[in-house]
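Listed below, chain by chain, are the residues.
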Amino acid sequence: MDRDAVEIDGGIMEGGGQILRVSTALGCLLGKPVRVRQIRAGRSQPGLRPQHLSGLEILRDICEGKLEGGEIGSTEITFTPGKIKGGTHIADTKTAGSVCLLMQVAMPCVLFSDSPSELHLKGGTNAEMAPQIDYTVMVFKPIVEKFNFTFNCDIKKRGYYPQGGGEVVVRMSPVKELSPIILTERGTVTKIYGRAFIAGALPIKVAKDMAAAAVRCIRKEFRDLYVNIQPVREPDDQAFGTGSGIIVVAETSTGCLLAGSSLGKRGKNSDKVGIEAAEILLRNLKHGGTVDESLQDQLIIFMALAKGVSRVKSGPITLHTQTAIHFAQELVRAKFTVKKADEDPTKETYIIECQGMGMINPNL
């Protein structure tokens, strides 16, 4: 079996954990063994970190597969999948490693299982270099469900850097196949809302300052729109450790959702955190695309698996998206094209089109 493994170079393009997530998830779905070398070669600490390892372990458990080279620091793994099974699966990074990235690797696979699944994901809910759980619930969920599936995400406990300690439970039922999506009409921004949160030892003033700074920044561009950012203190029994952050979401007349978010850290002024989130949102609104830079790459695997042609209009194509497209094309019979949208030559707007492979769930 091993001889037939698909060889993946984990050091090219984005050169990080994303290559591992996309290639092993697709290997799991196709029932193809995958060997990934040069894991995270582009990072200051190459090899598997706790978060990547727990992602591989939950994948192995979901399909009763085999994982070789699965230890911290390992730069090469071989993953041999078995049959995808529903039921309860647990992944625990034991660090502040992102639960949202664990969800990214597991979710496409359990969609094609034989029965409903419950994923217990433990680690950081609001971590640097990963989508925040608020983003996953407020932006990712409503958009990805357009592929014709639903999931429930229950935030049991929030966890922050450096300890983690958060837990979310994701429940979903399998599907026969995924429908393609067309997201090419942006429409106009109809409302802007969000949440500025603090947890643990921080005063609520920090959340209020983040929210006020974000509102002031957005008002310069959207003078007539009501901007509703709620300052929130996370209940002590639902948060582990001390943390702060903000997410701001813009909703459009066609149902698009675009966001900007930022996390507080020691020595970082609250106003700066709020302004950073607002500026990311405004930058994502400027190009006229229907998805923001964080959602762009997360949709690629679903577009590749769907039956039919999906089209998404986006701003500048990120390296994460280019990487996801590259490995999706390498592993499945999906065909992607990325073309500049022609309506306004001054804007960096692109159409990502995919003829999906039309994955059919063999277990249903």
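Everything numeric in this text was worked out from a predicted model, so none of it was measured.

**Re the packing of helix H2 (residues 50-62) against helix H3 (residues 99-110)**
At a minimum axis distance of 9 Å, the contact between H2 and H3 shows a crossing angle of 15°. As judged from the angle between their axes, H2 and H3 are roughly parallel. Viewed along their axes, H2 and H3 form a crossing whose handedness is right-handed. Of the residues in H3, those in contact with Gln 51, Ser 54, Gly 55, Ile 58, Leu 59 and Ile 62 of H2 are Leu 101, Leu 102, Val 105, Ala 106, Cys 109 and Val 110. Class assignment of the residues belonging to the contact of H2 with H3 gives a composition of nine nonpolar, three polar and no charged.

**What to know about the domain arrangement of the chain**
As far as domains go, the chain holds domain 1 (6-183 + 291-357) and domain 2 (189-284). The straight-line distance from the C-alpha centre of domain 1 to that of domain 2 is 25 Å. Taken together, the contact pairs 22 residues of domain 1 with 27 residues of domain 2. Between domain 1 and domain 2 lies a buried interface of about 2000 Å² when both sides are counted; carbon and sulfur atoms form 58% of it.

**A word on the environment of Phe 222**
One can find Phe 222 in the loop between helix H5 (204-219) and strand S11 (227-233). In the structure, Phe 222 is positioned 15 residues away from Ala 207 in sequence and 22 Å away in space, judged by C-alpha atoms. Those residues in contact with Phe 222 that lie beyond four places of it in its chain are Val 189, Ile 192, Leu 282 and Leu 285.

**What to know about the pattern of salt bridges**
When charged atoms on two side chains of opposite charge get close, those side chains can pair. Evaluation of the coordinates by the stated rule reveals 20 salt bridges. The salt bridge involving Glu 234 is made with Arg 195; its shortest N-O contact spans 2.9 Å. Residue Glu 234 is found in the loop between S11 and strand S12 (239-240), and its partner Arg 195 is found in strand S10 (residues 189-199); the two are separated by 39 residues along the sequence. Residue Glu 234 is classed as buried on the basis of its relative accessible area of 5%. One network of salt bridges, in which partners are shared, links Glu 7, Arg 35, Arg 37 and Glu 76.

**Comments concerning the UniProt feature "domain: RNA 3'-terminal phosphate cyclase insert" (unreviewed entry) in the chain**
Mapped onto this structure's residue numbering, the UniProt feature "domain: RNA 3'-terminal phosphate cyclase insert" (unreviewed entry) falls at residues 184-285. Helix makes up 31% of residues 184-285 and strand 36%. Its end C-alpha atoms lie 14 Å apart.

**Overview of the sheet that holds strand S16 (residues 335-340)**
Strand order in the open sheet formed by four strands is S9-S15-S17-S16, with mixed pairing between adjacent strands. Only two strands of the sheet have a single neighbouring strand rather than two, namely strand S9 (182-183) and S16. Packing against the sheet, helix H9 (residues 319-331) makes contact with S16 and strand S17 (350-355), and its axis sits at approximately 150° to S16.

**Brief notes about the side chain of Ser 244**
Mapped onto the fold, Ser 244 is located in strand S13 (residues 243-252). Those residues in contact with Ser 244 that lie beyond four places of it in its chain are Phe 197, Ile 198, Leu 202, Val 206, Met 210, Leu 263 and Gly 264.

**Considering the packing of aromatic side chains**
The final tally for this structure, using the stated rule, is six aromatic pairs. Here the aromatic rings of Phe 140 and Phe 302 are separated by 6.4 Å at their centres, their planes lie at 50°, and the arrangement is tilted. With Phe 140 in helix H4 (residues 133-144) and Phe 302 in helix H8 (residues 300-305), this residue pair connects regions lying 162 residues apart in the sequence. Judged on exposure class, the residue Phe 140 and its partner Phe 302 are both buried. Relative to Phe 151, the ring of Phe 149 has its centre 6.4 Å away and its plane inclined at 25°; by these criteria the two rings are stacked. Accessibility classification places Phe 149 together with Phe 151 in one group, the buried group. Here a set of aromatic residues connected by ring pairs shows up, and it is made of Phe 140, Phe 147, Phe 149, Phe 151 and Phe 302. In this structure, Arg 158 is placed above the aromatic ring of Phe 197, and the distance from its NZ or CZ to the ring centre is 5.9 Å. Taking NZ or CZ as reference, Lys 340 lies 5.7 Å from the ring centre of Tyr 350, over its face.

**Comments concerning the sheet that holds strand S1 (residues 6-9)**
Strand order in the open sheet made by the four strands is S1-S2-S4-S3, with mixed pairing throughout. Among the strands making up the open sheet, the edge pair consists of S1 and strand S3 (66-68). Across the sheet, the axes of successive neighbouring strands diverge by a mean angle of 15°, strand direction being ignored. Across four bridges, S1 lies against strand S2 (residues 34-37) in parallel orientation. If you follow Ile 8 over to S2, its bridge partner there is Val 36. On top of the sheet, H2 reaches S3 and strand S4 (77-80); it is set at about 150° to S3, its chief contact.

**Quick look at H3**
Here H3 spans 16 Å end to end across 12 residues, near enough to the 16 Å set by a 1.5 Å rise per residue. Buried residues dominate H3, accounting for 11 of its 12 residues. Within the sequence span of H3, burial applies to Val 99, Cys 100, Leu 101, Leu 102, Met 103, Val 105, Ala 106, Met 107, Pro 108, Cys 109 and Val 110. Backbone nitrogen of Cys 100 and a side-chain oxygen of the N-cap are separated by 3.0 Å at the start of H3; the cap is Ser 98.

**Considerations on empty space enclosed by the protein**
Per the counting criterion, the structure on display carries two cavities of 30 Å³ or more. Approximately 210 Å³ is the volume attributed to the largest cavity. What lines the largest cavity is a set of 19 residues, and nearest its centre among them are Gln 104, Val 105, Asp 297, Gln 298 and Ile 301. Among the elements of the structure, helix H1 (17-30), H3, H4, H8 and H9 are those that each provide at least two residues to the lining of the largest cavity. Counting residues per element, the lining of the largest cavity draws most heavily on H3, at six residues. Size it by volume and the second largest cavity reaches roughly 80 Å³. Looking at the second largest cavity, the residues that line it are Gly 17, Leu 20, Arg 21, Thr 24, Gln 51, His 52, Gly 55, Leu 56, Leu 101, Leu 102 and Val 105.

Calculation criteria
Residues numbered from 1 in each chain as written. Predicted model: local features only at pLDDT ≥ 70, side-chain atom pairs only at ≥ 80, totals over all residues. Heavy atoms only, no water. Axes fitted to C-alpha atoms, helices over the stretch in contact; angles between N-to-C directions. Helix = DSSP H or I, 4+ residues; strand = E, 2+ residues; numbered from the N terminus. Parallel < 35°, antiparallel > 145°, perpendicular 65-115°, else oblique. Left-handed = near helix turned anticlockwise from the far one by under 90°. Contact = heavy atoms within 4.5 Å. Nonpolar A, V, L, I, M, F, W, Y, C, P; charged D, E, K, R; others polar. Domains from an automatic or database assignment. Buried area = accessible area lost by both parts, 1.4 Å probe. Salt bridge = Lys/Arg side-chain N within 4 Å of Asp/Glu carboxyl O. Buried < 20%, exposed > 50% of the residue type's maximum accessible area, 1.4 Å probe, protein only. UniProt positions renumbered as here; feature names shortened; annotations may be inferred. Pairing = 2+ DSSP bridges. Phe/Tyr/Trp six-rings, centres within 6.5 Å; stacked < 30°, edge-to-face > 60°. Lys NZ or Arg CZ within 6 Å of the ring centre and 35° of its normal. Expected span 1.5 Å × (residues − 1). Polar contact = N/O pair within 3.5 Å; in protein donor to acceptor, adjacent residues only side chain to side chain. 1 Å grid on protein atoms, 1.4 Å probe; cavity = no way out; pocket = protein on both sides within 12 Å on 5 of 7 lines; lining within 4 Å. Points joined across faces, edges and corners; volume = space filled by probe spheres on them.

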